[in-house]
Amino acid sequence: MGYAQLVIGPAGSGKSTYCASLQQHCEAIGRTVHIVNLDPAAENFNYPVSMDIRELITLEDVMETMGLGPNGALIYCMEYPSLCFFFVDKHLEDNLDDWLEEELENYLDDDYLVFDCPGQMELFSHVPVLRNFVDHLKRKNFNICAVYLLDSQFMTDVTKYISGCMASLSAMIQLEIPHVNILSKMDLVKNKKGLEDYLNPDPKTLLSELNQNMAPKFAKLNKTLAELVDDYSMVNFLPLDLRKESSIQYVLSYIDNSIQFGEDADVKIRDFDPDDIDMDAPDIDD
């Protein structure tokens, strides 16, 4: 069984920086992770790239062929692959599956992969490409967790918090896999105390703040949104400060637990032959 993180979130939320810091942290503690680039527009990396989607297609090729800007080209190629990639026989999704199938042959069954995804929200909210990609990994017996990053500096008021929650919930429903929300760039936040209310929000407080910030005609909508956040209590955020190894380890442990990484290690320990145990060894309490 393999393990994977699907790192998603808005553009500029720190996905690639998170991947680089995670790789460095794991290397320091003697653990191996493989970072995979799924962004055809990526140029520079601060981590070793184990697999790169640009071997299949680059955004520059699509922009030049179709005469589109970067955002439009990426969305267009995802939604209309047969038009964009007329120089291949199959859709992008089929090529993506073939490419992934070939690349995964180079890894062991219990390897840990981290997929650095593009930042266009449509890709993980309603365009089916990433959902199909996830389904392919499941068929390959991977346990997968979506890691949704949101810039902590974005959380300046309750309306932006609700917006972030709705985007996260949309991705959660679309992908249907374990989901961990992270407030990134905590090292850049000056007023950390102001974010505490958003880490484990109280619905009554949210509703009160929404009503204060919005016109009375939105009162019913505000009540519905506050109840939605409360009903889906999994829409909580973990703070991540990349300056602190303890913060990275905490987030990693949380993700590992969600995909059951390391649980088979307990089984392997119990498989030892009891006759191999040194009965004369001193008790640890002695």
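Structure first, text after, so check above.
The structure reproduced in this document is the subject of the present report. (Residues numbered from 1 in each chain as written. Predicted model: local features only at pLDDT ≥ 70, side-chain atom pairs only at ≥ 80, totals over all residues. Heavy atoms only, no water.)

1. A short note on helix α8 (residues 158-175)
Defined as follows: Elements are defined by DSSP. Helices are runs of H or I of four residues or more, strands are runs of E of two residues or more, and each kind is numbered from the N terminus. Helix span is expected to be 1.5 Å times the residue number reduced by one. Between buried and exposed lies partly exposed: a residue is buried under 20% and exposed over 50% of the maximum accessible area for its type, with that area taken using a 1.4 Å probe on protein chains only.
In this model, α8 (18 residues) spans 26 Å end to end at C-alpha, consistent with the 26 Å of a helix rising 1.5 Å per residue. Looking at α8, one finds that the buried residues are Val158, Tyr161, Ile162, Gly164, Cys165, Ala167, Ser168, Leu169, Ala171, Met172, Gln174 and Leu175. Note on α8: the residue one or two positions beyond its end, Glu176, has a positive phi of about 55 degrees.

2. Let's talk about the pairing of strand β1 (residues 2-8)
Filter applied, for reference: Two strands make a pair as long as DSSP finds a minimum of two bridges between them.
Of all the 7 residues making up β1, 7 are buried; the element is thus mostly covered by neighbouring parts of the structure. Pairing analysis gives 7 bridges linking β1 to strand β5 (residues 142-151), with the strands arranged parallel. Looking at the pairing, Gln5 lines up with Cys145 of β5. Judged from the 5 bridges that link them, β1 and strand β4 (residues 112-116) form a sheet pairing that is parallel. Directly across from Leu6, in β4, lies its bridge partner Phe115.

3. Regarding the nonpolar core
Note the threshold: Buried Ala, Val, Leu, Ile, Met, Phe, Trp, Tyr and Cys residues form a nonpolar core when they are joined through side-chain atoms within 4.5 Å.
In this structure, Leu6, Ile8, Phe115 and Tyr161 are the most contacted members of the largest nonpolar core, which totals 52 residues. The dominant element in this core, judged by the number of residues it contributes, is α8, at 7 residues. By size, the runner-up hydrophobic cluster in this structure holds 24 residues, among which are Tyr47, Val114, Val251 and Leu252.

4. Examining the layout of surface pockets
What counts here: Any residue with an atom within 4 Å of a point lines the site, the site being either a cavity, points on a 1 Å grid over the protein atoms alone where a 1.4 Å probe fits but cannot get out, or a pocket, an open set with protein on both sides within 12 Å along at least 5 of 7 lines. Grid points are joined across faces, edges and corners, and a volume is the space filled by probe spheres set on the points. Gly falls in the polar group here, along with every residue not listed as nonpolar (Ala, Val, Leu, Ile, Met, Phe, Trp, Tyr, Cys, Pro) or charged (Asp, Glu, Lys, Arg).
Volume-wise, the largest pocket comes out at about 300 Å³. Among the elements that line the lining of the largest pocket, the one with the most residues is helix α1 (residues 15-28), at 3 residues. Among the residues forming the lining of the largest pocket, the class breakdown is 6 nonpolar, 8 polar and 5 charged.

5. Structural notes on the side chain of Asn222
Spelled out, the test is: Each polar contact in these results corresponds to two N or O atoms within 3.5 Å; when the atoms are within protein, one needs to be able to donate a hydrogen and the other to accept it, and residues that are neighboring in sequence are counted only if both atoms are side-chain atoms. Here, residues are in contact when the closest pair of their heavy atoms is within 4.5 Å.
The topology assignment puts Asn222 in helix α11 (residues 219-231). On the basis of relative accessibility, which here comes to 0%, the residue Asn222 falls in the buried class. Here Asn211 takes part through its side chain, which lies 3.0 Å from a polar atom of the side chain of Asn222. Sequence-distant contacts of Asn222, defined by excluding residues within four places in its chain, comprise Leu207, Leu210, Asn211 and Met214.

6. Quick look at the pairing of strand β2 (residues 34-37)
Burial along β2 is two-sided: the face carrying His34 and Val36 and the face carrying Ile35 and Asn37 are both buried. Two strands pair when backbone bridges link them, and β2 and β4 are joined in this way by 4 bridges, in the parallel orientation. The partner of Val36 across the bridge, within β4, is Phe115. Pairing of β2 with strand β3 (residues 49-52) involves 3 bridges; the strand directions are parallel. Bridged to Ile35 within β3 is Val49.

7. Details of the packing of aromatic side chains
Inclusion rule: Stacked, edge-to-face and tilted labels apply to pairs of Phe, Tyr and Trp rings (six-membered ring for Trp) whose centres lie within 6.5 Å, assigned for plane angles under 30 degrees, over 60, and everything in between, in that order.
A full pass over the atoms with the stated rule returns 7 aromatic pairs. The interplanar angle of 90 degrees and the centroid separation of 5.0 Å between the aromatic rings of Tyr3 and Phe261 together place this pair among those described as edge-to-face. Within this pair, whereas Tyr3 is found in strand β1, its partner Phe261 is found in the loop between α12 (245-258) and α13 (263-270), the two being separated by 258 residues in sequence. Residue class for Tyr3 comes out buried when judged on its relative accessible area of 5%.

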